[in-house]
Amino acid sequence: LSRNLSDRHAEIAAISLIVSLLVISVSSFSLSNPCLEYTYREGRTLRALAARGISDTTSFQEISTADPTRIFCNVLSKINGLNESEQAGIDTNPGKKRRLPMRRAFMLSSLLAGVQFLFANAYAPPGFERIPTQFMAALGDPDASQGTGAKEWGLWEVDPGPRGVWLRNYQSQLVDNNDKAPAGWMFDKNDWWLEEHGLIMEAPKFPVAPGRYLVTGGRLVTTGLTIDEEGAWKLDDGKLYDVTHLPCRSARYTPLSKGGSPLMARQSDFPVTPGAEMPEVQGCNKQDYAVLFVIGKEATKEL
């Protein structure tokens, strides 16, 4: 926050140029499936989500952002099955013309997603300071830019996914361990959470504290969110849908009877398609929550 505005603009312009060059540098490769979306967690990890085309289920590849060029090459080789020579740009078949640039839709979406990702990590608007990424469970009309009921919203201060328990391990890792997960959190059989891959998660902290938050869905909109003491909320720009991270799905389950438990969840229902509702679990009520990335909070005023 100590740098002046012109320095920030120069940094943002440089980042945008680098991302553009990266996208163009791999445009000679052909994709069998252009439906690729880049997203991130913890602000340090990039995930390539290839929906449909690689297999019958969604395939994730999590890779370090330390080498952006290798990120793009690894993603492309995963989809196209390229060998090492092809990844290095060596023409292993000179007599066969390479198919020309990837589909424009992929280039555009990759560019925009990449710029937004790097922009969000390098810049905080006036009045905000960056924080390690947190995850907000929100309820509301996806088309609304303001509303009430934020007292029913929760916050995971750390990514609950890596701390979760697979449905298939419910008995061995939770029930047989007095409902204590390997990561140390306690499972509540009367109020439990699932995420999109079939992981049982710890519950977020309720309620979200009133204040100003910098939120994003990892797509095009990064904006301020205000929550007041009465639970009213308002976005500075966009709609709730715009700041919802679509690949992240979460739902809260409350049993209607003793039989309503993770044992009744169908593992074949997972992973959940990005943007789709979480599956029902027999014997339980279900409440879907939108997931927002919280990447900043209101800046502390200097005395």
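Owing to the predicted nature of the structure, the values given are computational and were not obtained by experimental measurement.

J.: Could you give me a rundown of the overall build of the protein, with the residues and numbers involved?
T.: Counting secondary structure elements, the protein contains five helices and 14 strands. The buried share among the 303 residues of the protein stands at 43%. With the model as given, the accessible surface of the protein reaches about 16,100 Å², and the carbon-plus-sulfur share is 52%.

J.: Mind laying out the nonpolar core, listing which residues take part and the relevant values?
T.: Met136, Trp153, Leu225 and Trp233 are the most contacted members of the largest nonpolar core, which totals 19 residues. Of all the secondary-structure elements, those providing two or more residues to this core are β4 (128-138), β10 (211-216), β11 (222-227), β12 (233-235) and β14 (284-298). Residues Val165, Ala181, Trp192 and Val281 belong to the second largest nonpolar core, which totals 18 residues.

J.: Could you give an account of the confidence of the model for the protein, with specific residues and numbers?
T.: A low pLDDT means the predicted coordinates there should not be read in detail. In this model, the protein carries an average pLDDT of 74, and 58% of its residues clear a pLDDT of 70 or more. A low-confidence stretch, residues 23-102 stays under pLDDT 50, and its non-local contacts, those more than four residues away or across chains, total 140 contacts.

J.: Pulling in residues and values, what's your account of the pairing of β10?
T.: As paired strands, β10 and β11 are joined by six bridges and run antiparallel to one another. Counted as the bridge partner of Leu214 is Gly224 from β11. Examined bridge by bridge, β10 and β14 share four bridges and lie antiparallel to one another. Note on β14: the bridge partner recorded for Thr216 is Phe293.

J.: Quick one: what's the story with the pattern of salt bridges, residue by residue and with numbers?
T.: Considering all chains together, one arrives at seven salt bridges under this definition. For Arg163, the salt bridge goes to Glu202, with nearest N and O atoms at 2.4 Å. Highlighted residues: Arg163 in the loop between β6 (154-156) and β7 (165-166) and Glu202 in the loop between β9 (199-201) and β10, separated in sequence by 39 residues. Residue Arg252 is joined to Asp191 by a salt bridge in which the shortest nitrogen-to-oxygen separation is 2.8 Å. You can see Arg252 sitting in strand β13 (residues 250-255) and its partner Asp191 sitting in the loop between α5 (170-174) and β8 (192-195), a full 61 residues away along the chain. By relative accessible area, Asp191 is classed as partly exposed at 22%. Each member of the salt-bridge network shares a partner with another, and the members are Glu277, Lys286 and Asp288.

J.: How would you summarise the packing of aromatic side chains if you had to cite specific residues and measurements?
T.: The description of an aromatic ring pair rests on the distance of the ring centres and on the angle between the ring planes. All told, the structure shown has eight aromatic pairs when counted by the stated rule. Pairing Trp192 with Tyr253 gives two aromatic rings, centres 4.8 Å apart and planes at 15 degrees, and the pair type is stacked. With a gap of 61 residues between them, Trp192 in strand β8 and Tyr253 in strand β13 connect regions that are remote in the sequence. With respect to class, Trp192 is no different from Tyr253; both count as buried. Between Trp193 and Tyr289, the ring centres sit 4.8 Å apart and the planes meet at 45 degrees, which makes this aromatic pair tilted. Highlighted residues: Trp193 in strand β8 and Tyr289 in strand β14, separated in sequence by 96 residues. With a relative accessible area of 0%, Trp193 lands in the buried category. Ring pairs connect the aromatic residues Trp156, Trp193, Phe206 and Tyr289, which therefore count as one cluster.

J.: Mind laying out unusual backbone geometry, listing which residues take part and the relevant values?
T.: Cis geometry is found at the peptide bond from Phe206 to Pro207, where omega equals -15 degrees. Tracing the backbone shows Pro207 in the loop between β9 and β10. Cis geometry is found at the peptide bond from Phe270 to Pro271, where omega equals 0 degrees. Checked against the element boundaries, Pro271 lands in the loop between β13 and β14. Not every positive phi belongs to a glycine, and Asn178 is a case in point at roughly 55 degrees. Relative to the assigned elements, Asn178 resides in the loop between α5 and β8. The phi dihedral of Asp179 falls on the positive side, at around 65 degrees, and the residue is not glycine. The topology assignment puts Asp179 in the loop between α5 and β8.

Cut-offs used in this document
Residues numbered from 1 in each chain as written. Predicted model: local features only at pLDDT ≥ 70, side-chain atom pairs only at ≥ 80, totals over all residues. Heavy atoms only, no water. Helix = DSSP H or I, 4+ residues; strand = E, 2+ residues; numbered from the N terminus. Buried < 20%, exposed > 50% of the residue type's maximum accessible area, 1.4 Å probe, protein only. Areas by Shrake-Rupley, 256 points an atom, 1.4 Å probe, with all protein chains shown as cover. Core = buried A, V, L, I, M, F, W, Y, C linked by side-chain atoms within 4.5 Å. pLDDT = per-residue confidence, 0-100. Contact = heavy atoms within 4.5 Å. Pairing = 2+ DSSP bridges. Salt bridge = Lys/Arg side-chain N within 4 Å of Asp/Glu carboxyl O. Phe/Tyr/Trp six-rings, centres within 6.5 Å; stacked < 30°, edge-to-face > 60°.

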